[in-house]
Amino acid sequence: MNISKEISASEDEKNLAWEEIHTEHIVQDEWIDFRRSSYRFPDGSVFEPFYSYSRRDYVVIVASDEEGKYLCVRQFRQGIREVTTEFPAGGIERKDGKAEDALEAAQRELLEETGYVSDHWTQLLTVPSNATLADNYAYIFMAGKCRRAAEQSLDETEFLHVRRYSVDEIEKMIEQGEFQQAVHIMAWLLARRREAGGPKNA
């Protein structure tokens, strides 16, 4: 008889975790902490370098207006050197060492980037933005029945245009590789599942 042993999560933590034995902060300022580290593997061997970074947690908002159109922003992304289409998003601010509430950050970013507000908010998921390289998290929200309440209020480094799209238009952009932010695509799929009555993950 074949008997399999189920390994608990705590045993995995013990048997698979790496030990960080040295870290050098290559760039460390108010925006990013970029590090080069050495790790000891579970078998005792040591390897370096591993690169990782810390940045602020951030919010992504899948927002639809009273006509059922989805609010997106068009802006330049220097990583891929292209103008992208994506959902409103932005960093969770910190003041006096304390992080802003994620929902308040989402409401603020939606208003600042689009001029829209909503009374209907749902948190869909909190997920690491890139578990291999970064330690920050993305807080995914859905906002319904958004209405225009003000003009945009952009930061000095923000240059973006608001666009409204139908479900079919967003689906087509994703299929054609024209909606390029991976976490935003995940947010869209979660929102569509929630709208269809799927599982609740908040």
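Data block above holds the structure.
Remember, it's a predicted structure, so these values are computed and weren't measured experimentally. (Residues numbered from 1 in each chain as written. Predicted model: local features only at pLDDT ≥ 70, side-chain atom pairs only at ≥ 80, totals over all residues. Heavy atoms only, no water.)

1. Focus on the sheet that holds strand S1 (residues 19-28)
Working step 1: With antiparallel pairing, the 3 strands of this open sheet are ordered in space as S1-S2-S3. Bordering the open sheet on either side are S1 and strand S3 (46-54), each of which pairs with just one other strand. Neighbouring strand axes in the sheet, compared pairwise and without regard to direction, differ in orientation by 25 degrees on average.
Working step 2: Pairing of strand S2 (residues 33-40) with S3 involves 7 bridges; the strand directions are antiparallel. Bridge pairing in S3 places Arg 35 opposite Ser 52. (Pairing = 2+ DSSP bridges. Helix = DSSP H or I, 4+ residues; strand = E, 2+ residues; numbered from the N terminus. Axes fitted to C-alpha atoms, helices over the stretch in contact; angles between N-to-C directions.)

2. Quick notes on the pairing of strand S5 (residues 70-77)
Working step 1: Where strand S4 (residues 58-65) and S5 come together, 2 bridges link them in antiparallel fashion. Looking at S5, one finds that Ser 64 is bridged to Tyr 70.
Working step 2: Here S4 hands over to S5 after 4 residues, with Gly 68 in that stretch at a positive phi of 85 degrees.
Working step 3: Sheet topology places S5 next to strand S13 (residues 160-165); 6 bridges connect them, and they run antiparallel.

3. Let's talk about the state of the cysteines
Working step 1: Following the criterion strictly, the structure yields 0 disulfides and no others.
Working step 2: Distance from the sulfur of Cys 146, which forms no disulfide, to the nearest cysteine sulfur (Cys 72) is 12 Å. (Disulfide = S-S within 2.5 Å.)

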